[in-house]
Amino acid sequence: MKKNIIIVICVILVIILFGIMLFNKEKEIDNTRIDKTEFEHSTIYDEDGNLLYDISKSKEIEGTIENTTIQGIVELNHNGYIYIFNGQHFGEYGLEMKEYTRANIDDKKQECIDYYTSKKYDTSYIQEGDIIICTGDLIKYKYTMGNNDFDTRDNSIIVLKSKDYDAIKKETINNEKTVITTVVDYYNTSGEIYIKYDISDKEYNLPFALKFKITDDTEIIGNIERGSKIKVQYQNLNVPLNELELKSIEVISDNEM
């Protein structure tokens with residue numbers, strides 16, 4: 001009799017435990033459905049009420065540009081696709097540049113060709129920070145905040161490795177006497193300035209940007225504004241790019257260019 005009571009109690013406990021687990025599972029599913037529903041109806045409007053982003057229409061094609069060449073800085077090469085950004089990131093701050101394109105590219109193990117050596121690889125050669133240049137069809141979507149798909153078709157992808165790109169940047173900086181740069185953003189209160197360097201190598205334009213902090217020791221000649229053309233000098237060129245400090249900034253006029 002005592003044994004039967006123990007068995008009954010055990011069965012009841014198992015049923016209760018199973019019920020609790022089932023309840024929690026259903027709750028998780030409901031939460032997922034709620035979150036997904038909210039996400040599917042996510043929209044963003046500008047200050048004039050114009051629709052900028054609508055995830056429910058994220059695959060509504062705006063147009064396709066066929067047989068075009070794009071380039072972008074690789075942010076991700078993972079899980080079957082390659083994502084390139086149309087500029088650079090500085091922490092949470094993203095600086096877009098017209099020379100680059102934002103796009104998702106399917107990883108089909110396309111042939112990749114090194115920019116300098118012309119050696120051939122597959123897409124595992126592509127890493128974050130590299131620049132890739134490819135030809136194919138650019139598919140642009142409505143209401144997606146600039147995201148596009150890019151079909152490389154059967155074309156090879158040219159890969160400029162980040163270390164080689166850094167060497168180009170360093171060479172540009174060392175040639176400070178002849179380089180004219182552009183202020184793409186300037187925050188007077190914080191002293192932060194973002195400078196774009198327009199450079200070309202081979203047949204491609206490969207601009208880059210650097211962020212600096214203007215201090216009391218920085219000599220400023222002229223009135224700095226967004227879009228200003230400037231000449232800059234650095235405190236010490238024998239440091240990594242991200243450690244460069246500005247010695248002086250001189251705003252130049254169109255007549256001086």
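Look up: the structure comes first, before these words.
Residues numbered from 1 in each chain as written. Predicted model: local features only at pLDDT ≥ 70, side-chain atom pairs only at ≥ 80, totals over all residues. Heavy atoms only, no water.

Caption draft 1: Geometry of the side chain of Thr181. Tracing the sequence through the fold places Thr181 in strand β13 (residues 181-187). Accessibility expressed as a relative area gives 1% for Thr181, which makes it buried. Contact partners of Thr181, with chain neighbours within four places excluded, come to Ile195, Lys196, Tyr197, Ser228, Lys229, Ile230 and Val232. (Helix = DSSP H or I, 4+ residues; strand = E, 2+ residues; numbered from the N terminus. Buried < 20%, exposed > 50% of the residue type's maximum accessible area, 1.4 Å probe, protein only. Contact = heavy atoms within 4.5 Å.)

Caption draft 2: Up close: the packing of aromatic side chains. In total, this model carries nine aromatic pairs according to the counting rule given. Between Tyr93 and Tyr187, the ring centres sit 6.5 Å apart and the planes meet at 85°, which makes this aromatic pair edge-to-face. Of this pair, Tyr93 sits in strand β6 (residues 93-96) while Tyr187 is found in strand β13, placing the two residues 94 residues apart along the sequence. Note on Tyr93: relative accessible area 21%, which makes it partly exposed. The class for Tyr187 is partly exposed, based on a relative accessible area of 32%. Through pairs of rings, three or more aromatic residues link up here, namely Phe90, Tyr93, Tyr187 and Tyr194. The ring centre of Tyr125 lies 4.5 Å from the NZ or CZ of Lys161, which sits over that ring. (Phe/Tyr/Trp six-rings, centres within 6.5 Å; stacked < 30°, edge-to-face > 60°. Lys NZ or Arg CZ within 6 Å of the ring centre and 35° of its normal.)

Caption draft 3: Just helix α2 (residues 162-174), in detail. Between the first and last C-alpha of α2 there are 18 Å, a value that for 13 residues agrees with the 18 Å anticipated at 1.5 Å per step. Restricting attention to buried positions, one finds in α2 the residues Asp164, Tyr165, Ile168, Lys169, Thr172 and Ile173. On its buried face, α2 is in contact with β10 (131-141), β12 (157-160), β14 (192-197), β15 (200-201), β17 (208-213) and β19 (229-234). (Expected span 1.5 Å × (residues − 1).)

Caption draft 4: Structural context of the pairing of β12. Pairing of strand β8 (residues 112-114) with β12, which is carried by three bridges, proceeds in the parallel orientation. Bridge pairing links Asp114 to Val159 in β12. (Pairing = 2+ DSSP bridges.)

Caption draft 5: A look at the pairing of strand β5 (residues 87-90). Two strands pair when backbone bridges link them, and β5 and β6 are joined in this way by four bridges, in the antiparallel orientation. When the bridges of β6 are listed, Gln88 appears paired with Leu95. Counted between consecutive antiparallel strands, the loop separating β5 from β6 contains two residues, among which Gly91 sits at a positive phi close to 70°.

Caption draft 6: Quick peek at the nonpolar core. Ile193, Tyr197, Leu206 and Phe212 are the most contacted members of the largest nonpolar core, which totals 30 residues. Of all the secondary structure elements, the ones that give two or more residues to this core are β10, α2, β14, β17, β19 and β20 (246-251). Leu206 has contacts with Gln71, Tyr100, Tyr115, Ile131, Leu160, Tyr165, Ile168, Ile199, Ser200 and Asp201, leaving out every residue within four places of it along the chain. Among the nonpolar cores identified, the runner-up in size contains 15 residues, and Ile84, Ala103, Tyr125 and Phe150 belong to it. (Core = buried A, V, L, I, M, F, W, Y, C linked by side-chain atoms within 4.5 Å.)

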